[in-house]
Amino acid sequence: MVETESCSIQLSKVDWDDTSCLITYGPLPDKLLLSIQTVGLIEPPLLQGKQSGLFRIVCGSRRLAACKKIGLDSLTCRVLPNSTEHQRCLRLAIYDNVAQRTLNPVEKSLVLAKMAAYIKEPQLIDEFMPLLDLEPSITLFNRYLGLSDLGEVILDSLAAGILNERIAFALARQKEADRLAYLRLFQELPFSVSVQEEIVETVEEIARKENLTPKQVLTSKELRALRQTAKGPPRQRAQEVRKHLQVRRNPRLTARRERFAREARALALPSGVRLLPPPYFEGPKWILECAFERAEELANQLRRVAQMADLPEFQQIMEGKSDISPREVGN
Amino acid sequence: MTYHPEKLVIEEEIAGSPLVRNILAGLHGTPVQWVDRLSEDRKIETGKALEIVKFKGRFVKTCPGTRSYNCCGYQILNFGNQCSLGCSYCILQAYFPNPNLRLFANIDEMMQELGEHLRNSPKAVHRIGTGEFTDSLLLDHLTRLSELLVPFFAKQANAVLELKTKTAQVDLLEKLDHGGRTIVAWSLNPSEVINREEGAASSLRERLEAARRCQEWGYRLAFHFDPLLAYPKWREGYGEVVDRLFAAVDPDGIAWISLGTLRFMPSLKAAIRQNHPRTTILNEEFVPGLDGKLRYFRDLRVEMYTHLKNLLFEVGQDLCIYLCMESNDVWREALGFTPIEKGGLPAILDKQALGIIDCRSRIADLGFRNNDIR
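Rules of the game
- Residues numbered from 1 in each chain as written.
- Chains lettered and ligands numbered in written order.
- Predicted model: local features only at pLDDT ≥ 70, side-chain atom pairs only at ≥ 80, totals over all residues.
- Heavy atoms only, no water.
- pLDDT = per-residue confidence, 0-100.
- Helix = DSSP H or I, 4+ residues; strand = E, 2+ residues; numbered from the N terminus.
- Contact = heavy atoms within 4.5 Å.
- Patch = residues over 30% accessible without salt bridge, like charges linked within 9 Å, V, L, I, M, F, W, Y side chains within 5 Å.
- Areas by Shrake-Rupley, 256 points an atom, 1.4 Å probe, with all protein chains shown as cover.
- Salt bridge = Lys/Arg side-chain N within 4 Å of Asp/Glu carboxyl O.
- Buried < 20%, exposed > 50% of the residue type's maximum accessible area, 1.4 Å probe, protein only.
- Buried area = accessible area lost by both parts, 1.4 Å probe.
- Polar contact = N/O pair within 3.5 Å; in protein donor to acceptor, adjacent residues only side chain to side chain.
- Nonpolar A, V, L, I, M, F, W, Y, C, P; charged D, E, K, R; others polar.

1. Some thoughts on the confidence of the model for chain A
All names here are of chain A.
- For chain A, mean pLDDT is 91; residues scoring 70 or higher make up 96% of the total.
- In the model of chain A, helix α16 (residues 312–318) stands out as the element of lowest mean pLDDT, 86, in contrast to helix α11 (residues 214–218), which has the highest, 97.
- Confidence drops under a pLDDT of 50 for residues 322–331, and excluding neighbours within four residues, the segment shows 27 contacts in the predicted structure.

Here you go:
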């Protein structure tokens, strides 16, 4: 049982700058304001007295902020003795919050970062990651710790659920200007989370190869044109942006695909017949696809294809001659 | 380049083994931590300790090739795991969670298993290498394993040992009775690549000098252009390596040369980025191969293999060149034939290993002529 004293506390005596036990992140919920205005404060916040005479917030920072916003001067709080160890206060804040709601990714990151000052990594991972509904792994632990490097705009988006934590992890290794450039793209066009991940990786690789920043890649003339055009619905523009990036990242594969499409057209296969290369032109197996309604039609298709298979043009389609000049290889 | 671990971690059970004695003598003064048992998976280690344990698995394994590509059929003698050279592209950084070098001290059991394997296996020829899960010679000055392995293979009628390295640690090989049954092999890359991507590995000059010395001592040599890396001046870079290679050694004494472009499991990408943030090896475009590994696009692979083959054959048309883990269509396009047409890659290398056939007749048999390859 936590030993506390119930006291009436002036809100002016709350040390709002002391965030050492604060693990709440995100905007003040309107419903909390409405609740306090309508029925009053049901659960008193938990504070701790400080040497300065001010009070540190342990639990209930949002309730206190809501009361301040409403204009209350004082309210009844539970107060921990000054002698309570800080780690104990932090644990109270964490367990109180996780018992009531699911923490957002920024809050989970705050919990791990603040507790890391008191307990060693293995214990932190074993005790707190399951408590936060996270898989207890060192990799994930480090990723959550890395979120603390993100700027306010990204953290706000993450806390509000606009940005997925997987994307935030990927952005954590980038510079702030680049992160914001990604965020703008993802807010502008509808990409699934896995496609967002792919875009971050592709843009990063293009940037490395072309000696640019990700922001420069994302704001290049061609991409700006694709993003800003009024033509087509957002989903279609998103697909065009993705395709543009893939082509820029994979010029050899693109050139080979274009060459194949060109040569396959020139070959003029019978109607209903398609020649399919191996995926990524890797491996020896090509597929011939025939769509037909009658056996006679199939026989005709196959006869014509058999004749074509002997043509040099058909052989050439299957050969892999480079369409890219040597200078384009490497970085 | 000499390896100096920060500490030794040794299982008490093998305290009296000759390997432990050799290492304690060679690393006199290095702190030693004696432990009851070391676990397999120690992710929190720093990579700066040398672990010596009793190995409880199989010492002889087959190379983990896949059916989708032509595998050389090499067998592995596993005397240890991990490597401290720090090459950016190294698979071991993802393959073994524990970054520490680990040696197996129950060498007597290893030699017993090896002997039984050679006696009982139905294979006519065994090509056995120690350079799959670690560098064959990196710690040889400490372990002195070559003093055991090289004379052992000298007595085998049906087996050769391939010692694969990126170091110049060959001193112990000089006085050994190898009987032509040990092939000393180096992985080669242009100096620019070695400096940027191969961490603490020996320079090209040091590797070629070591190769020259081994050839002087009568050893046959092998070279592995693996991984071949595409970078802006790869043609010139590999051209220079080939020139320097043949200025250093006599091509007649080369058992084989392998070519293999960079390939890796997708999971290695994150490890490369994390461990080697300045690397440029991931800049080229990659596609998933039939084995799930990421590879250069096939047209580039063919271009690189063809270029290397032409460079090598300009110097020595008797050279036995093969592609590591490549499909028949790439073989055909780059080298002009597929292994199966010649009995399969393992058979080609088996013959080469024991020097059964004359190189000139073999090349003629493969259908190469001067004009075809220039």
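2. Description of the confidence of the model for chain B
All names here are of chain B.
- In the predicted model, chain B carries a mean pLDDT of 89, and 93% of its residues have values of at least 70.
- Residue range residues 356–374 is modelled with pLDDT below 50. Its contacts to residues more than four positions away, or to other chains, number 30 contacts.
- Across the interfaces of the predicted complex, the ipTM metric reaches 0.78, alongside a pTM of 0.81.

3. So, a nonpolar patch on the surface
- Together, Ile91(B), Tyr95(B) and Met265(B) make up a nonpolar patch on the protein surface, roughly 270 Å² of accessible area in all.
- By the element assignment, Met265(B) lies in the loop between β13 (263–264) and α9 (266–275).

4. A closer look at the environment of Lys209(A)
All names here are of chain A.
- Among the structural elements, Lys209 can be located in helix α10 (residues 193–210).
- Given a relative accessible area of 18%, Lys209 falls into the buried group.
- Residues Lys209 and Ile57, spaced 152 residues apart in sequence, show a C-alpha to C-alpha distance of 49 Å.

5. Brief notes about the interface of chain A and chain B
- In this complex, chain A contributes 22 residues to the contact, which on the side of chain B involves 28 residues.
- Buried surface at the junction of chain A and chain B, summed over both partners, amounts to about 2,400 Å²; 48% is from carbon and sulfur atoms.
- For the pair chain A and chain B, the interface holds 7 salt bridges.
- One salt bridge in this structure joins Lys269(B) and Glu201(A), with 2.7 Å as the shortest N-O distance.
- Viewed at the interface, chain B and chain A are joined by 10 residue pairs in polar contact (both at pLDDT 80 or more).
- For the side of chain A that touches chain B, the elements supplying multiple residues, two or more each, are α10 and α14 (251–267) of chain A.
- Split into classes, the residues belonging to the side of chain A that touches chain B amount to 7 nonpolar, 6 polar and 9 charged.

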